[in-house]
Amino acid sequence: MDLTFSDEQQMIRQMAREFADKELLPTAAHYDETQEFPRELWQKMGRLGLMGLVIPEEYGGAGADTLSYVLALEEIARGNPALSTVMSVNNSLACYGTWKFGTEEQKLKYLVPLASGEKLGGYALSEPGSGSDAVNMQTSARREGDRYLLNGSKMFITSGQSGHVFLVFAVTNKEAPKPADRITCFIVEKGFPGFKVGKKLDKLGMRASDTTELIFEDCEVPVENVLGKEGAGFRVALQLLDGGRIGIATQAVGIGQAAYEFGLKYATERQQFGQKIFDFQAIQFMLADMATRLEASRLLVHRAATLRDAGQPCGREASMAKLFASETAMWVTTKAVQIFGGYGYIKEYPVERYFRDAKVTEIYEGTSEIQRMVIAKSLLK
Ligand SMILES: Cc1cc2nc3c(=O)[nH]c(=O)nc-3n(C[C@H](O)[C@H](O)[C@H](O)COP(=O)(O)OP(=O)(O)OC[C@H]3O[C@@H](n4cnc5c(N)ncnc54)[C@H](O)[C@@H]3O)c2cc1C
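What comes next is a walk through the structure. What you see is a predicted model; the values in this text were computed from it and never measured. One numbering rule holds for all chains: residues counted from 1, following each sequence as written. Confidence filtering applies because this is a predicted model: local features only for residues at pLDDT of at least 70, side-chain atom pairs given and counted only at 80 or more, and all residues used for totals across whole chains, interfaces and linings. Only hydrogens and water are set aside; all other atoms, that is, all heavy atoms of the structure, feed into the side-chain values.

What follows concerns the site of the ligand. Taken together, 18 residues surround the ligand, and among them Tyr123, Ser132, Phe156, Thr367 and Glu369 come closest. At 2.9 Å from an oxygen atom of the ligand is found a main-chain nitrogen or oxygen belonging to Leu125. Ser126 has a polar side-chain atom sitting 2.7 Å from a nitrogen atom of the ligand. Looking at the shell around the ligand, the elements with two or more residues in it are strand E1 (121-124), strand E3 (147-158) and helix H11 (368-379). The criterion for a residue being near a molecule or strand is simple. One of its heavy atoms has to lie within 4 Å of it. Here a polar contact means two N or O atoms within 3.5 Å. Within protein one must be a hydrogen donor candidate and the other an acceptor candidate, and residues neighboring in sequence count only if both atoms are side-chain atoms. Put simply, DSSP marks the helices as runs of H or I at least four residues long and the strands as runs of E at least two long, and each gets a number from the N terminus on.

Pasting the structure below:
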């Protein structure tokens, strides 16, 4: 398997693996417990080039390919899933969006600090009343001279508290016949007048990644901060989700891999009935299925990433990878808790945390139901 990776891809994975082993695994439980954002670790990730992996070097990135990105992201997710959420949103959505759709000025002003890890980016599509049905958003933007005034609120925004720059989607023309043409994407800085961070949400998992509401009250955004064209925002949102879903699928593989590794180690240590529990075939079969399903998920992720690197359409493959890998992560982490027995259910052992972290991979960037809809639609083409 490794033979198919280039030297550079293997080097990036090794760098992320060592960082995860040394800095993330030993501290992840602490950040989960305190719900603190691990600012120093995020800064170190920036210095390692992990916050803008696929962005060209001239814009502050590492100039790597998508396959390198997923190899690194899996390692980060294995070490601290919450930081992989932050990394995925910054890379796949904030950075990639600004690179793909931004003007040269926007790239120099916003992409360079985001990709180099000096600033942290977010993506604000969901609202209190519209999640899966994102096109029905209520946040509006009205042009007044050389600025837009944004009004409304966004819900569940990753890095809402710790982030600095957000891609915000708002309705600019509610009369447009096609709902998708009603929406525009804006680059919004936290310091803009009328921008407020709402309450930080107390979550089941991914607790070191802050998730907040964002509130816009006549928030002033200069016209030069429109990303792409006015009325093209929904297409921007959807195109970014192709890459985003590869990121979430990767994260799910990393979470599952960690739970599997802890389960395997525990099975070879824990004794019952005078033997290692690994010697019971029931436990061996669980581990065999966990390893197999994880490998299948990983291959789907690598396939989607390889298609993307080849410049081919990968929306369906990204959805398949996300659907399969996230459901696998939930299944594998459930089995890991089972292997640990009662110890799996308490916080002194890591598997309950991976179990909690896994759940959201079936929800954000399109629920499993939405992925099935995307895949089903593609079957008729
Ligand atoms: C921790 C976390 C971080 C997040 N980060 C971000 C972020 O950074 N930016 C952002 O914009 N959003 C973010 N989200 C929001 C996330 O993308 C949404 O929660 C998700 O898209 C689902 O939307 P919803 O919660 O409104 O659920 P709903 O859309 O209300 O769905 C509720 C249920 O109905 C099902 N459903 C809905 N429509 C259909 C249908 N047509 N057919 C069948 N079933 C359907 C869903 O699958 C789900 O089971 C985050 C969410 C969480 C929990």
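Relative orientation of the contacting elements helix H5 (residues 81-101) and helix H7 (residues 233-269) amounts to 155°, with a least axis distance of 9 Å. On the basis of the axis angle, H5 is roughly antiparallel to H7. Remark: the crossing between H5 and H7 carries right-handed chirality. On the side of H5, the interface is formed by Pro81, Ser84, Thr85, Ser88, Ser92, Leu93, Tyr96, Gly97, Lys100 and Phe101, while H7 contributes Val236, Gln239, Leu240, Leu241, Gly243, Gly244, Gly247, Ile248, Gln251 and Ile255. For helices, the axis comes from a line fit to the C-alpha atoms of the stretch in contact; other axes are also lines fit to C-alpha atoms, and the angle between any two N-to-C directions lies between 0 and 180 degrees. Angles are sorted into four bins: roughly parallel if under 35 degrees, roughly antiparallel if over 145, roughly perpendicular if 65 to 115, and oblique for all others. For a crossing to be left-handed, the near helix must be turned anticlockwise from the far one by less than a right angle; the clockwise case is right-handed. The contact criterion used is simple: two residues touch if any of their non-hydrogen atoms lie within 4.5 Å.

So, on to the pairing of strand E5 (residues 183-189). Counting buried residues along E5, 6 of its 7 residues qualify, which places the element largely inside the surrounding structure. Pairing between strands requires that DSSP locate at least two bridges from one strand to the other. Relative to E5, strand E4 (residues 165-171) runs antiparallel, the two sharing 7 bridges. Paired with Ala170 across the strands is Thr184, a residue of E5. Direction of pairing for E5 relative to strand E8 (residues 226-227): antiparallel, over a ladder of 2 bridges. Its bridge partner lying in E8, Phe186 is registered against Val226. With a 1.4 Å probe rolled over the protein chains alone, any residue whose accessible area is under 20% of its type maximum counts as buried; one over 50% counts as exposed, and the rest are partly exposed.

In the sections that follow, a salt bridge refers to a side-chain nitrogen of Lys or Arg positioned within 4 Å of a carboxyl oxygen of Asp or Glu. Under the definition given, this model contains 24 salt bridges. One salt bridge in this structure joins Glu23 and Lys44, with 3.1 Å as the shortest N-O distance. Of this pair, Glu23 sits in helix H1 (residues 7-24) while Lys44 sits in helix H3 (residues 39-47), and the two are 21 residues apart along the sequence. On the basis of relative accessibility, which here comes to 19%, the residue Glu23 falls in the buried class. We classify Lys44 as partly exposed; its relative accessible area is 27%. Between Asp32 and Arg356 there is a salt bridge; the shortest N-O distance is 2.8 Å.

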